[in-house]
Amino acid sequence: MTVGKKKLPKGWTEGSVQDLLGLTDEEAAIVEMRVRLAERVRKRRQLQRITQKDLARRMRSTQPRVARLEQADASIEMLMRALFVLGADRKEIAKLLAA
């Protein structure tokens, strides 16, 4: 069974987020890395059953900053710092960056 494409509203076009935002390949790669790191921060934090506030305390930061970090709204350095605080090692982080 084949499913037909949905018709887009007049004036709309289909494309990638990279095209929409006008990102270069390099910029898109950095965004993808930040998203992967942020997802791993949230996953590790939840597996350890600690709150954002607890992680913030361990990082000497604030809960709102951890919330932004988990939304990939942080530098790669801050994301890596959070992962180290949560017990990740260099090898795990390198795999995330290389994926």
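Residues numbered from 1 in each chain as written. Predicted model: local features only at pLDDT ≥ 70, side-chain atom pairs only at ≥ 80, totals over all residues. Heavy atoms only, no water.

Asks: How should I be thinking about the pattern of salt bridges in this particular structure?
Replies: If the charged atoms of two oppositely charged side chains come close together, the side chains can form a pair. In total, this model carries five salt bridges according to the counting rule given. One salt bridge in this structure joins Arg40 and Glu92, with 2.7 Å as the shortest N-O distance. With Arg40 in helix H2 (residues 25-47) and Glu92 in helix H6 (residues 90-98), this pair connects stretches of sequence that are 52 residues apart. Arg40 sits in the partly exposed class, given a relative accessible area of 25%. (Salt bridge = Lys/Arg side-chain N within 4 Å of Asp/Glu carboxyl O. Helix = DSSP H or I, 4+ residues; strand = E, 2+ residues; numbered from the N terminus. Buried < 20%, exposed > 50% of the residue type's maximum accessible area, 1.4 Å probe, protein only.)

Asks: Sorry, what's going on with the side chain of Gln52 here?
Replies: Examined against the element boundaries, Gln52 turns out to sit in helix H3 (residues 52-59). When its relative accessible area of 19% is taken as the criterion, Gln52 is described as buried.

Asks: Is there a simple way to explain the packing of H2 against H6 in this structure?
Replies: Packed helices, taken two at a time, are described by their axes: the angle between them and the distance between them. Here H2 crosses H6 at 140 degrees, and the two axes come no closer than 8 Å. In terms of axis orientation, H2 runs oblique to H6. The chirality of how H2 crosses H6 is right-handed. Counting all contacts with H2, which are made through Met33, Arg36, Leu37, Arg40 and Arg44, the residues of H6 involved are Glu92, Ile93, Leu96 and Leu97. Across the contact of H2 with H6, the residue classes break down as five nonpolar, no polar and four charged. (Axes fitted to C-alpha atoms, helices over the stretch in contact; angles between N-to-C directions. Parallel < 35°, antiparallel > 145°, perpendicular 65-115°, else oblique. Left-handed = near helix turned anticlockwise from the far one by under 90°. Contact = heavy atoms within 4.5 Å. Nonpolar A, V, L, I, M, F, W, Y, C, P; charged D, E, K, R; others polar.)

The quantities given are spatial measurements derived from coordinates; they are silent on function.
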